[in-house]
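Coordinate analysis (summary)
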Amino acid sequence: MMSTDPVPPAPTTAPASTPPHPRAALHARLLVWFDVHRRDLPWRAATATPWGVLVSEIMLQQTPVVRVEGPWTAWLERWPTPASLAAAPTDEVLRAWGRLGYPRRALRLQQCAAAIVERHDGVVPTAEADLLALPGVGSYTAAAVTAFAHGRRAVVLDTNVRRVLGRLTAGTALPRPHLTQEETRRADALVPGDDATSARWNIAVMELGALVCTARSPRCDDCPVRDLCAWRAAGYPADEHAAARRTQAWHGTDRQVRGRLMAALRDATGPLTREELVAVAGSGDEQAHRSLDSLVADGLVSGDAESFVLGR
DNA sequence: TACGCGTGGGA
DNA sequence: TTCCCAAGCGT
């Protein structure tokens, strides 16, 4: 685990004279704030299983909490265990995913369930390396399940934590597009050593980022650690790399067309012909065919030359 | 490493 | 209206 790696002295010009971050005050105030302001999300309930937590983390990848709550509840009622999801028809899995977006996640979640059945006897593994090896589980999700499902120490670094810690300790408005070693080192140094407190710390920082230290309009007046914030102390400097973070184009993309094709197939009661799908694509024929073929290549759609259905 | 991958709501 | 963003991952 990362925490067992020796941390070399920071190669700054004056490490010894740099005042340490008031770690104890930061921890105490943030944990108290979390106890008061934490949201009662269903996957945080005492009754939630590790599998439920894992499903929530996959659904929450790039998708807001408010849109996940409903589908998560229905999903867990229908497929309460990895084995039940692994045995489900893929088209039903994709329909249950609904409009959460990025439907490849649904496919990978089912593959993940199958891997848990095959490799771990149907039990969500506790070792972070075993979690990381599962389909659809990356470094964030492996750490999150370790912390939130198993209550063990992990360094959880999602977009919320990166933004909060970046502001608090580095004084930057927004994190860079890619996680840096320095960020990971700083985050690790702030995670408490014991399992129970570290899990609470991780979720508390995430919650602060979601509710107070938001990307667009941070509510600094409500922040319990504003007097410790380097970004605030520096006068809220603007994001230096705002120009570089160009927004992805959307209108007219294959992604948009794929979304329309998937929506049509989700809503259809039977197979759709290639002609029908080209018609709903709302694009040129070439893009429609290319998008449909890519959905087939991804395993989200199957069919012969004539007609197409969701899943395998 | 940079890019492709859905969807919908708020500023 | 347009743009930005929301608990990333795989290639």
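Residues numbered from 1 in each chain as written. Chains lettered and ligands numbered in written order. Predicted model: local features only at pLDDT ≥ 70, side-chain atom pairs only at ≥ 80, totals over all residues. Heavy atoms only, no water.

Remarks on the overall build of chain A
Stated formally: The secondary structure listing takes helices from DSSP runs of H or I that are at least 4 residues long and strands from runs of E that are at least 2 residues long, numbered from the N terminus. The classification of residues rests on relative accessible area computed with a 1.4 Å probe and restricted to protein chains. Under 20% of the type maximum is buried, over 50% is exposed, and intermediate values are partly exposed. Should any heavy atoms of two residues lie within 4.5 Å, those residues are considered in contact. With residues, only the protein chains shown are counted as cover, and all accessible areas are computed by Shrake-Rupley using a 1.4 Å probe.
Along the backbone of chain A there are 15 helices and 3 strands. If one aligns the C-alpha atoms of chain A with their principal axes, the spans along those axes are about 70 × 45 × 35 Å. Buried positions account for 42% of the 312 residues belonging to chain A. Considering only contacts in chain A between residues 6 or more positions apart, those separated by 24 or more positions represent 63%. Total accessible area on chain A is roughly 16300 Å²; 55% of this is exposed by carbon and sulfur atoms.

Overview of the protein's contact with DNA strand B
The following threshold applies: If a single non-hydrogen atom of a residue is within 4 Å of a molecule or strand, that residue counts as near it. Here a polar contact means two N or O atoms within 3.5 Å. Within protein one must be a hydrogen donor candidate and the other an acceptor candidate, and residues neighboring in sequence count only if both atoms are side-chain atoms. Any residue that is not Ala, Val, Leu, Ile, Met, Phe, Trp, Tyr, Cys, Pro, Asp, Glu, Lys or Arg is counted as polar, Gly included; the first ten are nonpolar and the last four charged.
In the vicinity of DNA strand B, 18 residues are found, and the nearest of them are Arg-67, Arg-99, Pro-103, Arg-258 and Gly-259. Here the atoms of DNA strand B within 4 Å of the protein split so that 53% fall in sugar or phosphate, with bases taking the remainder. At 2.7 Å, a side-chain N or O of Arg-67 approaches a base oxygen of DNA strand B. At a separation of 2.8 Å, a sugar or linking oxygen of DNA strand B approaches a polar backbone atom of Tyr-102. Contributing elements (two or more residues each) for the surface near DNA strand B: α6 (104-120) and α13 (254-267). Top element by residues in the surface near DNA strand B is α13. It accounts for 4 residues. Taken together, the residues of the surface near DNA strand B break down into 4 nonpolar, 6 polar and 8 charged.

Here's the deal with the nonpolar core
To be explicit about the condition: Think of a nonpolar core as a cluster: buried Ala, Val, Leu, Ile, Met, Phe, Trp, Tyr and Cys residues, connected wherever their side-chain atoms sit within 4.5 Å. These domain boundaries are the output of an automatic or database domain assignment.
Counting residues in each nonpolar core, the largest one holds 50 residues, and the members touching the most others are Trp-51, Leu-54 and Trp-75. Here this core spans two domains, since at least three of its residues come from each of domain 2 (50-149) and domain 3 (254-310). The contacts of Trp-75, once residues within four sequence positions are left out, are Val-55, Met-59, Leu-85, Val-93, Ala-96, Trp-97 and Leu-109. If you look at the next biggest cluster of nonpolar residues, it comprises 34 residues, including Val-156, Ala-187, Val-212 and Leu-228.

Description of the UniProt feature "domain: HhH-GPD" (unreviewed entry) in chain A
Our working definition: UniProt positions are given in the numbering used here, feature names are shortened, and annotations may be inferred rather than shown by experiment.
Per the UniProt entry, the sites bearing "domain: HhH-GPD" (unreviewed entry) are residues 59-211 in this numbering. Note that residues 59-211 is 65% helix and 0% strand, and that its end C-alpha atoms are spaced 19 Å apart.

Quick notes on the domain arrangement of chain A
Short version of the rule: By definition, the buried area sums, over both parts, the 1.4 Å-probe accessible area that each loses when the two are put together. For salt bridges, the criterion is a side-chain nitrogen of Lys or Arg within 4 Å of an Asp or Glu carboxyl oxygen.
Each assigned domain of chain A is listed here: domain 1 (20-39 + 155-233), domain 2 (50-149) and domain 3 (254-310). Its C-alpha centre places domain 2 at a distance of 25 Å from the equivalent point of domain 3. Taken together, the contacts link 9 residues of domain 2 with 11 residues of domain 3. Buried area between domain 2 and domain 3, both sides added, is near 870 Å², and the carbon and sulfur share of it is 59%. Considering only the side of domain 2, the residues that lose the most area to domain 3 are Leu-94, Arg-95 and Arg-104, jointly responsible for 47% of the buried surface there. For the pair domain 2 and domain 3, the number of links is 1 salt bridge. For Arg-104, the salt bridge identified is with Asp-298, shortest N-O distance 3.8 Å. Applying the counting rule to domain 2 against domain 3 returns 5 residue pairs in polar contact (both at pLDDT 80 or more). Taken together, the elements giving at least two residues each to the side of domain 2 that touches domain 3 come down to α5 (90-97) and α6. A total of 3 residues in the side of domain 2 that touches domain 3 trace back to one element, the largest contributor, which is α5.

Structural notes on the packing of helix α2 (residues 50-59) against helix α8 (residues 139-149)
For clarity, the cut-off: Axis geometry follows a simple rule: fit a line to the C-alpha atoms, using only the stretch in contact for helices, then measure angles between N-to-C directions, giving values from 0 to 180 degrees. Two helices cross in a left-handed way if the nearer one is turned anticlockwise from the farther one by less than a right angle. They cross in a right-handed way if the turn is clockwise.
In the contact formed by α2 and α8, the axes pass within 10 Å of each other and the chain directions differ by 145°. In the crossing of α2 with α8, the sense of the turn from one axis to the other is right-handed. Residues Pro-50, Val-53, Leu-54, Glu-57 and Ile-58 of α2 form the contact with α8, whose own contacting residues are Tyr-140, Thr-141, Ala-144, Val-145, Phe-148 and Ala-149. Its residues placed into classes, the contact of α2 with α8 shows 9 nonpolar, 1 polar and 1 charged.

Things to note about the sheet that holds strand β1 (residues 272-273)
Put simply, the test is: Here the rule is simple: two strands pair whenever DSSP picks up at least two bridges between them.
Pairing within the open sheet is antiparallel, and its 3 strands lie in the order β1-β3-β2. The open sheet has two free edges, formed respectively by β1 and β2 (301-303), since each of these has just one partner strand. In terms of strand pairing, β2 meets strand β3 (residues 307-310) through 3 bridges, oriented antiparallel. Within β3, the position partnered with Ser-302 by the bridge is Val-309. The sheet strands contacting α13 are β1, β2 and β3, and the helix crosses β3 at an angle near 85°.

Description of the environment of Ala-113
Tracing the sequence through the fold places Ala-113 in helix α6. Accessibility expressed as a relative area gives 0% for Ala-113, which makes it buried. Residues Ala-113 and Ala-86, spaced 27 residues apart in sequence, show a C-alpha to C-alpha distance of 5.3 Å. Apart from residues no more than four positions distant in its own chain, Ala-113 is found in contact with Trp-51, Pro-82, Leu-85 and Ala-86.

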